[in-house]
Amino acid sequence: MHIIRDPMNNNIGDKMKYLTKSYEMNRDIFKSDFTDCSDFLLREIVISGQRGFFCTFDGLTDSLMLSHMITSPILSTEVEASSPDERFEKIKKSVIGSVEMNEVNTFEECRFYLMSGFALFYLEGCYKALAMGVQGWSKRTTDEPTNEAMVKGAKECFVETLNDNKALLRKRLKTYHLKLKQINLGTSVSTCVVLAYMDNRVNFDSLKEIEDRLKSADLNTISDFGCLEPFINSDINSFFSTVGNTERPDVLASKLLEGRIGIIVDGTPFVIYTPYLFSDNFSSLDDYDNPPFYASFTRILKYLAFFISIFLPAMYVAVGSFHQEMIPTTLLYVIASSEATTPFSLVLEAVIIHILYEIMREAGLRLPQTIGHAVSIIGAIVIGEAMVSAGIIGEPMLVIVALTAIASYVVYPLYESVAVLRILFILLAGVSGMYGLIIGAGALGVNICALNNLGVPYSAPISPLTPSSIGDTIFRQGWKKLSKRRVRIYDLEGSSVENRS
């Protein structure tokens, strides 16, 4: 619904939703909509004695393409017709050179296409307009990914442009089974969202559920992919997510081939996909380019680093505070002599230094690159030397924190979860020692096993155990064995997914 207003703020028309046959009314509505919009362009024309207009947004369209494919052919061609609708159809089918065309009959659709880089053509006497794709805005190139570096993998990543992201995925999966279903989300500002899936491998009940969840999301606009994650995530509260994200087309392609569902949001270089498994955090595409023995070795290292990053500080606090008999005598003397000069308990030391580390990490992450190195220098001086020299923090604790920080970056997708869990386990160990730590670890394991999204357990294929998939979880089998596997993600829930490829 819309109210037309003149420059003096007086109403000059009734509330309108659909395009009308009135040339003046349609033109005035567009001018009223985009008053004070210096980038809005509207050109009035006459074709075979009949009025019409083009409108578009400067900077969102390619001016040369607009001129060669749309405006010049229309203005230079005499179209004989007995009615406006007949002339409109002839122009659409015989004159315009653009391949991407959509008929629109509401002002809401017109505004959406205009602000998506389309050019709009209206002819007097018609109840519809023609939106033609001539997008031409500036965009980032598909450079090497910044957050998912690969030693031997491809050097291209998703960008902020939806069409480019769809093309990158289509280039990887040259099959008609790849479907890219586009929907619009947002109650105030519409945003294009694409559901990517393989129609011969996906579970259609899960696909329908994901689409329903997204459409039921009552959001004013979709500013980034993080807005949609809670609506497709598991309903069980947890520090872990059953929704993964990637900026690599090759990673998303491999996930779609397993029967998963990708969600591409216009304006963000990250694509989310689900179901996401706990074991996915410990594998990378580099694993499949390396020999099986080395890939298995690195995966074991990642699992070890995960446990170190969560439990090592808590174990140090628990043993140092409650179970000193577990420490070798020589090491116990070193720890005791170091901690005797510090004013805080082990648990308080651990919490303080981890919070300081997170503060400096966040500062280094948000600072401009030109001065980001200053945080590293200050951090080394403040934590590495000054605090130890001043007797505020013990040297063994500093070693523990440094080792934990390095280990937490080995499994980077879990960094946010690890950072919070680490402090919680430190507090738990400081209160009840190893007994509380073991109970907390058991509760964490139960929570991981309880997560379930779209019928697929987050802890699969380890719990419940799926023997056919275990060969690519902790260890990686050779390609001669992996090539014979026909396991899909939904096989992990016990259902059979037909392989029609």
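Everything here concerns the structure above.
A short tour of the structure in this document, coming up. (Residues numbered from 1 in each chain as written. Predicted model: local features only at pLDDT ≥ 70, side-chain atom pairs only at ≥ 80, totals over all residues. Heavy atoms only, no water.)

### As for the sheet that holds strand β9 (residues 261–265)
Threshold: Following DSSP output, two strands are said to pair if at least two bridges run between them. Secondary structure is summarised from DSSP: a helix means a run of H or I of at least four residues, a strand means a run of E of at least two, and numbering begins at the N terminus for each. Orientation is described by lines fitted to C-alpha atoms, with helices fitted over the stretch in contact, and by angles between N-to-C directions that extend from 0 to 180 degrees. The contact criterion used throughout is that any non-hydrogen atoms of two residues lie within 4.5 Å.
Strand order in the open sheet made by the five strands is β6-β7-β9-β10-β8, with antiparallel pairing throughout. Edge positions in the open sheet fall to β6 (178–185) and β8 (244–246), since each of these has one partner strand only. Taking each pair of neighbouring strands and ignoring which way they run, the sheet shows an average axis angle of 25°. Of the strands in this sheet, β6, β7 (191–198), β8, β9 and β10 (271–274) are in contact with helix α8 (residues 249–257), which crosses β7 at around 55°.

### Observations concerning the environment of M397
Test applied: The rule is simple: take the accessible area with a 1.4 Å probe, protein chains only, and divide by the maximum for that residue type; under 20% is buried, over 50% is exposed, in between is partly exposed.
Following the sequence through the fold, M397 ends up in helix α13 (residues 395–408). On the accessibility criterion, M397 (0% relative accessible area) is buried. In the structure, M397 is positioned 62 residues away from I335 in sequence and 8.8 Å away in space, judged by C-alpha atoms. In this structure, M397 is in contact with Y316, V317, E339, L346, E349, A350 and I353, ignoring residues within four places of it in sequence.

### Some points on the side chain of R422
Among the secondary structure elements, R422 is positioned in helix α14 (residues 415–450). When near neighbours in sequence (up to four residues on either side) are disregarded, R422 contacts S309, I310, P313, H354, E358, T404 and S408.

### Let's talk about the pattern of salt bridges
Here is the rule: Each salt bridge in this description consists of a side-chain nitrogen of Lys or Arg and a carboxyl oxygen of Asp or Glu lying within 4 Å of one another.
Applying the stated rule across the entire model yields 27 salt bridges. A salt bridge links E24 to R51, with the shortest nitrogen-to-oxygen separation between them at 2.6 Å. Linking E24 in helix α1 (residues 23–33) with R51 in strand β2 (residues 50–57), this pair joins segments that are 27 residues apart in sequence. Residue classification places E24 among the partly exposed positions, given a relative accessible area of 31%. The residue R140 makes a salt bridge to E160 at a minimum N-O spacing of 3.2 Å. Taken as a pair, R140 in the loop between β5 (129–133) and α5 (162–172) and E160 in the loop between β5 and α5 lie far apart in primary sequence, 20 residues in all. According to the relative accessible area criterion, R140 is partly exposed, its value standing at 36%. Taking relative accessible area as the criterion, E160 reaches 31% and is therefore assigned partly exposed. Among the ionic contacts, a cluster of salt bridges with common partners joins R27, D28, K31 and E44.

### Quick word on unusual backbone geometry
With omega at 0°, the peptide bond leading from A460 into P461 counts as cis. In this fold, P461 is placed in the loop between β12 (456–457) and α15 (479–482). Here the bond from S463 into P464 is cis, since omega is 0°, no more than 30 degrees from zero. Mapped onto the elements of the fold, P464 is located in the loop between β12 and α15. Positive phi values are uncommon outside glycine, yet S48 reaches one of about 50°. Note that S48 resides in the loop between β1 (40–47) and β2. For S48, a relative accessible area of 27% gives the class partly exposed.

### Observations concerning the packing of α1 against helix α4 (residues 107–114)
This is how the line gets drawn: To sort the angles, those under 35 degrees are grouped as roughly parallel, those over 145 as roughly antiparallel, those from 65 to 115 as roughly perpendicular, and the leftovers as oblique. In a left-handed crossing the near helix is turned counterclockwise from the far helix by less than a right angle, and in a right-handed crossing that turn is clockwise.
The contact between α1 and α4 brings their axes to 12 Å, and the two run at 55°. Judged by the angle between their axes, α1 and α4 are oblique. Like other packed secondary-structure pairs, α1 and α4 cross with a definite hand, here right-handed. Within the contact between the two elements, α1 uses N26, I29, F30 and D33 and α4 uses F107, C110, R111 and L114.

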